[in-house]
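Here is how the chains run, residue by residue.
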Amino acid sequence: MALPGHLLPALALLLAGSAAWTRAPDHCGTPSHTLCDFVCDCRACSDETQCGHGGASPAPGAPFTCDFEQDPCGWQDISTSRYGWRRGRAGAALESAGPRSDHTLGTDLGWYMAVGTHHGKEASVAALRSPVLHEAASTCELRLWYHAAAGDAAELRLELTHGTETLALWQSSGPWGPGWQELVVAPGRVRGDFQVTFSATRNATHRGAVALDDVAFRGCGLPAPQARCPQGAHRCGNGACVEPRQLCDGEDHCGDGSDEGAAACGHHVSADFEGGLGLWNCSEGWTRNHSARVPLRPSWPRRDHSRNSARGYFLVSVAGPGAPAVLYSPELQALGPHGCSLTFYHYLHGSEASLLQLHLQAQGPGTPRVPVLLRRRHGELGAAWVRDRVDIQSEHPFRILLAGQTGPGGVVGLDDLILSDGCKPALGEPAEPPPPRASAPPGLPPQSSCEPGHLSCGDLCVPPEQLCDFQQQCAEGQDERGCGTADFEHPAAGGWEDASVGRLQWGRVRAQEHGGPGADAGRAAAGHFLSLQRAWGQLTPEARALTPPLGPSGPHCALHMVYYFRSNAQEVSCNFERDMCGWHTGHLADAHWRRLQSRGPAYDHTTGKGYFLLLDPTNPLARGPGAHVLTRPQTPAAPRECLSFWYHLHGPQIGTLRLVVRRDGEADAQLWSQSGTQGNRWHQAWATLHHRADSGAKYQLLFEGLRDGFHGTMALDDVAVRPGPCWAPERCSFEDSACGFSMGGLWTRQTNATGLAASGPATDHTTETAQGHYMIVDTSPQVLPRGHVASLTSEEHRPLTQSACLTFWYHLSLRNPGTLQVHVEEAERRQVLSLSEHGGLAWRLGSVDVQAQRAWRVVFEAVAAGVERSYVALDDLLLQDGPCPRPASCDFETGLCGWSQLPRPSLGGYRWDWSSGNTPSRYLQPPVDHTLGTDVGHFALFETGVLGPGGRAAWLRSQPLPATEASCLRFWYYMGFPQHFYEGELRVLQHSARGQLALWGTGGRLRQQWLEARVEVASAEEFQIVFEATLSGQPALGPVALDDVEYLAGQRCQPPAPSQGDVAAAVEVAAAVGGTLFAMLLALLGLAGWHWLQRRGRCPFRGRTAALGPGPAPGFDNVLFSADQVALPALVTNNP
């Protein structure tokens, strides 16, 4: 039967959609075995979609990733119970368990895979499996982020299924830290098809809430065939190209095994322990084993290296320090131009006391009997096989000794020992090597008479816990040698050891033989230092050098070190789009500035989609107070230079960002700082660099981020340096400098930290502490006679494109200091403000409107009244676009208008913030403001989710206001809490010298809309208005926002005129209440009739009711629901 013509296009689209859903091969004609093989064979990488990752690799060498923002990327839940995986996000979660934000975006709007809480008593396993993947290179690395708080799961596992075998790549029973945790595993070379499974196991005592995000496969694709190989490279049998150093190292780099085949490695001798020890012999302690059975201990290898299988064999030892296990070669000699090389794979896991040493024992008459140590690996290297290589040049025959030992719970393993073609049997060597004497071959260092792990010094045996504890036990201090203090002139100085497992390592080198600094830190050309070098390891972690275990230490313990950092980039000016330019991160803190691409709530200033520097104290979790990013030493280009930059300080507990200039032989000079959140937007700042023209001294610039807590981030972008001075700053707190003001010899920058200041406020306005700085002039007659003037003049401000508001905080002494005048100097000088009022104990806010089409200055003048012990003080100058608002009034479009969000330590140290609906944020916020009704409008807000139980709160305070008999405070507020959560609370307080008075308050039951409030204020003395955001119960995610705050001095509040919508709403609510009462009446009548029938023994519905099963009968819940877009009248809302 023919289809109607109008149905053919729809059918074609339906069939196309079905084909896309089943991921049919792309029209590029790629064969099926190349799908999901981590190599883009088709245009737009369409052959790699839905492969457990997003498919499109952004650049060569970049990982294939899945952030679950669009879909699950092909991952499927294969759980067999109700406890299973689902794609979700925090903003849609019904239960409180689990993450409050995803890892990708850091907000509740980001997506992840998760298993929710499960309340069953039976043990359950939730398993999430990847699609079928094809071929993984030996360099493959799988990274993912998981979230599992303590008590959420009994065990987490990551497994790889290949054919009929399932390998445990990782498993953990916790405990797991708070927040998102990173997991990195190396699957190794996998031939053919495989799948990866992430599973969570729970029982009756676990909630079961586990989440997974940001899965990345790095370096998993095999090399593609090339038409021509670079010079010196090896051409594989399949046409791919590999480096010469990758030949015969026990790993299939080509993908077809040709780099390890007989043609390339026919003269190498390898021992993979599959059929025995080969040429090697061992003492007691080494055993040949595999992982097919239940491991003997948790640290046991889960697979061998040769076959990447649990059924593959390897050598393993659990020998303790008293009797190390020794594996030794036959007598060999090094022949050929490259000598003898040994490549081997080792495994040290489960104990910090694990130790593997490789010795060379020379043979023959006249050779030393003490073996020479060539390689030493110590400590916990993780559950992975690590490659290493040793090159040997010897004129005498020799044996290679591999000695392993470990502590409780630890394992040392060996696999794939490969001797190069330059390792030949020594002449006259018997076919069968002699058996070892005792438990180890001769020549190893003798064991101590003390217990294993103890240090022998004279008649004393020092236990391990007293070694390197900064207290000398031995008479000659042997127990405190090798404890980190080192100049690296001796090979074992300081006890530092390389613990790298990747392609980089730390090595001790002579300055003259190194391409870096021509001398060591002591400026000795023949000196030694530690240097970063290329290594033979195949994994990718960073290079690490470790001291022995130290401590405990005292509170004043400090680490001093000298480091050298070379970078080809010279520039300080940088937008970070390509790289870090001449900037690098400091290495003396556990928190680090990172160069990131715009993503989610984190966006750059340059384009909104580019790169910038970010400091997030939670990623990784910081224990120290701060982090540095600094330049290399710079040569001044002019006597004065202007450094400008854009910064972003956002979050309720973010801390301080500082700019410091550093010169040799001088103390660091602080140029600029900013504390606390500055709103969810980028701000520009600048500082003038002053250089001594004749010194030629170099300088370094350093940004330092100092955290107050963990809620918030700092960011930097678009740093630029130009010759000449900067314009006057738009904001100045006087904390770092005088901000370029000319003080005329009378004004001074002062702090009252010692309490010995001759005059002035006890605290500044910025920090409200005695340590804070401000500008002050003493107007006492002996300093400034009556009628005389003291001027404070700014540097030039740049011309204004629109009218602006200059605000400042001033403090006048209780004794009449005279008059404070404000002048603006452009083409001519004009007075814009004059203040002559009685002083007080509080800082007051002053403001002037400024219009200037050319460069201009502001001048503050104190005209003395001739009164003893009088003064005028200034602090916190701020220049913002737009006209100045009325006192305590603000629409928040350009800032907070003088409302102070300084944190109160007694309340937890949190701040209100400032944002707009269209600005990406990691915190919940209203979608639109009230002023404009759009997402570009701004508002003040506080995210109560950062608060914990216990009554902590955040304050937003007005400027001091004069006494009033009756005034009206009008404002609009927004409370965005999820339905049925009423924990958030907004209160209005009146704060004065008499104490604190609560004027108004509301809970979080009015949701997702802007609501108006009017509060009458009366006070017989000067006071401040305080908006307090707090919690009335357990923590809950939700914002409290304010907009269009208006203080009407001397006016009583008038009730708002009811609009048509209000009347309609009241009618609807009244009708609804009436209907509800009628329904309840009918229900009561029905219930009475049912009881009457039951007592009479004639209940016609009894059998039918029993058939419905147990449980309560349906009825009314005591829950009040408010419909969207309905304004409930005050009688119903019952606000105080």
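Residues numbered from 1 in each chain as written. Predicted model: local features only at pLDDT ≥ 70, side-chain atom pairs only at ≥ 80, totals over all residues. Heavy atoms only, no water.

Re the nonpolar core
At step 1: In terms of nonpolar packing, the biggest core is built from 41 residues, with Trp85, Leu156, Leu158, Phe198 and Val210 touching the most fellow members.
At step 2: Considering each element in turn, this core owes the most residues, five residues, to strand S11 (residues 190-202).
At step 3: Leave out the neighbours within four places in its chain, and valine 210 touches Tyr83, Trp85, Met113, Ala114, Val115, His147, Ala148, Ala153, Leu156, Phe198 and Ala200. (Core = buried A, V, L, I, M, F, W, Y, C linked by side-chain atoms within 4.5 Å. Buried < 20%, exposed > 50% of the residue type's maximum accessible area, 1.4 Å probe, protein only. Helix = DSSP H or I, 4+ residues; strand = E, 2+ residues; numbered from the N terminus. Contact = heavy atoms within 4.5 Å.)

Some words on the pattern of salt bridges
Pairing of side chains with opposite charge becomes possible as their charged atoms draw close.
At step 1: In this structure the tally under the stated criterion is 32 salt bridges.
At step 2: The salt bridge partner of arginine 157 is glutamate 159, with a shortest N-O separation of 2.8 Å.
At step 3: On the basis of relative accessibility, which here comes to 18%, the residue glutamate 159 falls in the buried class.
At step 4: Across the pair arginine 994 and glutamate 1021 runs a salt bridge, and its minimum N-O distance is 3.4 Å. Of this pair, arginine 994 sits in the loop between strand S58 (984-992) and strand S59 (995-1003) while glutamate 1021 sits in the loop between strand S60 (1010-1019) and strand S61 (1023-1031), placing them 27 residues apart in sequence.
At step 5: On the basis of relative accessible area, arginine 994 is assigned to the exposed category, the value being 73%.
At step 6: You can call glutamate 1021 partly exposed: its relative accessible area is 22%. (Salt bridge = Lys/Arg side-chain N within 4 Å of Asp/Glu carboxyl O.)

Describing the environment of glycine 278
At step 1: With respect to the element layout, glycine 278 can be found in the loop between strand S15 (269-271) and strand S16 (281-282).
At step 2: Through-space distance from the C-alpha of glycine 278 to that of serine 329 is 9.7 Å; in sequence the pair is 51 residues apart.

A word on the pairing of strand S12 (residues 210-218)
At step 1: Counting buried positions over the nine residues of S12 gives eight, a clear majority of the element.
At step 2: Pairing geometry for strand S1 (residues 64-66) and S12, over three bridges, is antiparallel. Note on S12: the bridge partner recorded for phenylalanine 64 is phenylalanine 217.
At step 3: Bridging between strand S4 (residues 111-115) and S12 involves three bridges; their strand directions are antiparallel. Note on S12: the bridge partner recorded for alanine 114 is alanine 211. (Pairing = 2+ DSSP bridges.)

Some thoughts on the state of the cysteines
At step 1: Applying the stated criterion across every chain, the model contains 16 disulfides.
At step 2: A disulfide bridge connects cysteine 66 with cysteine 73, and the sulfur atoms are separated by 1.9 Å. The sign of the 85 degrees torsion about the S-S bond sets the cysteine 66-cysteine 73 disulfide as right-handed.
At step 3: Here cysteine 340 is linked by a disulfide to cysteine 423, with a sulfur-sulfur distance of 1.7 Å. A torsion of 95 degrees about the S-S bond marks the disulfide between cysteine 340 and cysteine 423 as right-handed. Separated by 83 residues along the polypeptide, cysteine 340 in strand S21 (residues 340-349) and cysteine 423 in strand S27 (residues 423-425) bring together distant segments of the chain. Accessibility assignment for this pair places cysteine 340 and cysteine 423 in one class, buried. (Disulfide = S-S within 2.5 Å.)

Section: the sheet that holds strand S39 (residues 656-663)
At step 1: In spatial order, the strands read S34-S37-S42-S39-S40; together these five strands make up an open sheet with antiparallel pairing. Each edge of the open sheet carries a strand with a single partner, namely strand S34 (583-585) and strand S40 (669-675). In this sheet, neighbouring strand axes are inclined to one another by 20 degrees on average, regardless of whether the strands run parallel or antiparallel.
At step 2: Here five bridges tie strand S37 (residues 626-631) to strand S42 (residues 699-706), and the two strands are oriented antiparallel to one another. Bridging from a neighbouring strand, histidine 628 pairs with glutamate 704 of S42. (Axes fitted to C-alpha atoms, helices over the stretch in contact; angles between N-to-C directions.)

Things to note about a nonpolar patch on the surface
At step 1: A contiguous nonpolar surface patch, about 260 Å² in accessible area, is contributed by Leu504, Trp506 and Leu532.
At step 2: Along the chain, tryptophan 506 falls in strand S31 (residues 504-510).
At step 3: When its relative accessible area of 32% is taken as the criterion, tryptophan 506 is described as partly exposed. (Patch = residues over 30% accessible without salt bridge, like charges linked within 9 Å, V, L, I, M, F, W, Y side chains within 5 Å. Areas by Shrake-Rupley, 256 points an atom, 1.4 Å probe, with all protein chains shown as cover.)

A word on the packing of aromatic side chains
At step 1: Counted according to the given criterion, the structure contains 26 aromatic pairs.
At step 2: Taking the centre distance of 5.1 Å and the plane angle of 75 degrees together, the rings of phenylalanine 808 and phenylalanine 860 count as edge-to-face. Here phenylalanine 808, found in strand S48 (residues 804-812), pairs with phenylalanine 860, found in strand S52 (residues 857-864); they are 52 residues apart in sequence, far enough to count as distant. For the pair shown, phenylalanine 808 and phenylalanine 860 are each scored as buried. (Phe/Tyr/Trp six-rings, centres within 6.5 Å; stacked < 30°, edge-to-face > 60°.)

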